[in-house]
Structures are given as structure tokens and as C-alpha cells.
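Here's the letter readout for the chains.
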Amino acid sequence: MKNQLIPPPELAPPSIRHLAPDEKVALWAQMVDEGDQMVIAGLQRRLGPHGDVEAAFLAWLDRRTAEHDRALVQMLKTLHRGNRSHGQ
């Protein structure tokens, strides 16, 4: 079905249930590193051979961190309001 939102089972990612906790952490770290490499490659393409990719990456990381922090603060405020309304 071409409008199906959930992919068929044969397209599902492989299970990691068999991995030990330290192997799962290593896999997560590898995925983070690969994501950073993708961002860096995109910045290199955008900035060209003479651009300061390191500075651009650090600026991107600062923006991402600030957005993440704002989202966490908003989530905590929402949770706090919910707890106060339930007498906690």
C-alpha cells in the first residue's frame, strides 16, 4: 500500500535486544559520531574549501544545545504546573 505510514516488517531496523548494555552504549555513541560527521560534511559543502568548518560546527552545536535547553525548561514548567494542579 503506497500510503502506508508504518513500514512493512522487512524494512524494520534490526533488533538490538541481544546486545549487552555496553554494546548498546557503543552503538549509540557511534550513531552520534556519524550524525556529527553528516553535519560537518554538510557544512563543508556549504562553506567551501576556505570556510571555517570547526567554527560553524561549534556555532551549530551551541544553537542545538540552546534549543534543547529551552525545550527542557518548557517541559519542566509544564510538569510543574500539572503537579500543582493535582495538589502535589
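Anything mentioned here points back to the structure above.
Quantities reported herein were computed from a predicted structural model and do not represent experimental measurements. (Residues numbered from 1 in each chain as written. Predicted model: local features only at pLDDT ≥ 70, side-chain atom pairs only at ≥ 80, totals over all residues. Heavy atoms only, no water.)

Topic: the overall build of the protein chain
For the record, the criterion: Note on conventions: DSSP H or I runs of at least 4 residues are helices, E runs of at least 2 residues are strands, and numbering of each starts at the N terminus. Each radius of gyration is computed over the set of C-alpha atoms, and the globule rule expresses the reference value as 2.2 Å times the number of residues to the power 0.38. When accessible area is computed with a 1.4 Å probe and restricted to protein chains, residues below 20% of their type maximum are described as buried, those above 50% as exposed, and intermediate ones as partly exposed. Surface accessibility follows the Shrake-Rupley procedure with a 1.4 Å probe radius. Residue values consider only the protein chains on display as shielding. Lys and Arg are tallied as positive, Asp and Glu as negative. Neither His nor the chain termini are counted. Throughout, a charge is located at the NZ atom of Lys, the CZ atom of Arg, the CG atom of Asp or the CD atom of Glu.
Assigned secondary structure in the protein chain consists of 2 helices and 0 strands. Its C-alpha atoms give the protein chain a radius of gyration of 20 Å, more than 25% over the compact-globule value 12 Å for 88 residues. Projecting the C-alpha coordinates of the protein chain onto the three principal axes gives extents of approximately 60 × 40 × 40 Å. In the protein chain, buried positions account for 7% of the 88 residues. Accessible surface for the protein chain amounts to roughly 8100 Å². Of this, 61% is attributable to carbon and sulfur atoms. Averaging the locations of the 11 positively and 11 negatively charged side chains of the protein chain gives two centres separated by 13 Å.

Side note on helix 1 (residues 21-47)
Because an α-helix completes one turn every 3.6 residues, residues spaced three or four positions apart along the sequence face the same direction. Threshold: What a helix should span is 1.5 Å times the count of its residues minus one.
Spanning 27 residues, helix 1 covers 39 Å between terminal C-alpha atoms, matching the ideal 39 Å at 1.5 Å per step. Along helix 1, the residues classified as buried are Asp36, Ile40 and Leu43.

Examining the environment of arginine 70
Mapping arginine 70 onto the fold places it in helix 2 (residues 53-85). Along the backbone, arginine 70 and glutamate 10 are 60 residues apart, and their C-alpha atoms lie at a distance of 38 Å.

Quick look at a nonpolar patch on the surface
Note the following rule: Patch rule: a residue counts if its relative accessible area is over 30% and it has no salt bridge; like charges are joined within 9 Å, and nonpolar side chains (Val, Leu, Ile, Met, Phe, Trp, Tyr) within 5 Å. Salt bridges are defined as contacts in which a side-chain nitrogen from Lys or Arg sits within 4 Å of a carboxyl oxygen from Asp or Glu.
A cluster of nonpolar side chains, Leu72, Met75, Leu76 and Leu79, forms an exposed patch at the surface whose accessible area comes to about 370 Å². Among the structural elements, leucine 72 can be located in helix 2.

Observations regarding the nonpolar core
Using the following cut-off: In this text, buried Ala, Val, Leu, Ile, Met, Phe, Trp, Tyr and Cys residues form a nonpolar core when linked through side-chain atoms within 4.5 Å. The contact rule is simple, with two residues in contact once any of their heavy atoms fall within 4.5 Å.
Ile40, Leu43, Val53, Ala56 and Phe57 form the largest nonpolar core, which has 5 residues in total. For this core, the elements supplying multiple residues, two or more each, are helix 1 and helix 2. With 3 residues, helix 2 is the largest single contributor of residues to this core. With sequence-adjacent residues up to four places away left out, phenylalanine 57 is seen in contact with Asp36, Val39, Ile40 and Leu43.

A look at the side chain of aspartate 36
With respect to the element layout, aspartate 36 can be found in helix 1. For aspartate 36, which is buried and forms no salt bridge, the nearest opposite charge comes from arginine 64, at a distance of 4.4 Å. Dropping the residues within four chain positions of it, aspartate 36 is found in contact with Phe57, Trp60 and Arg64.

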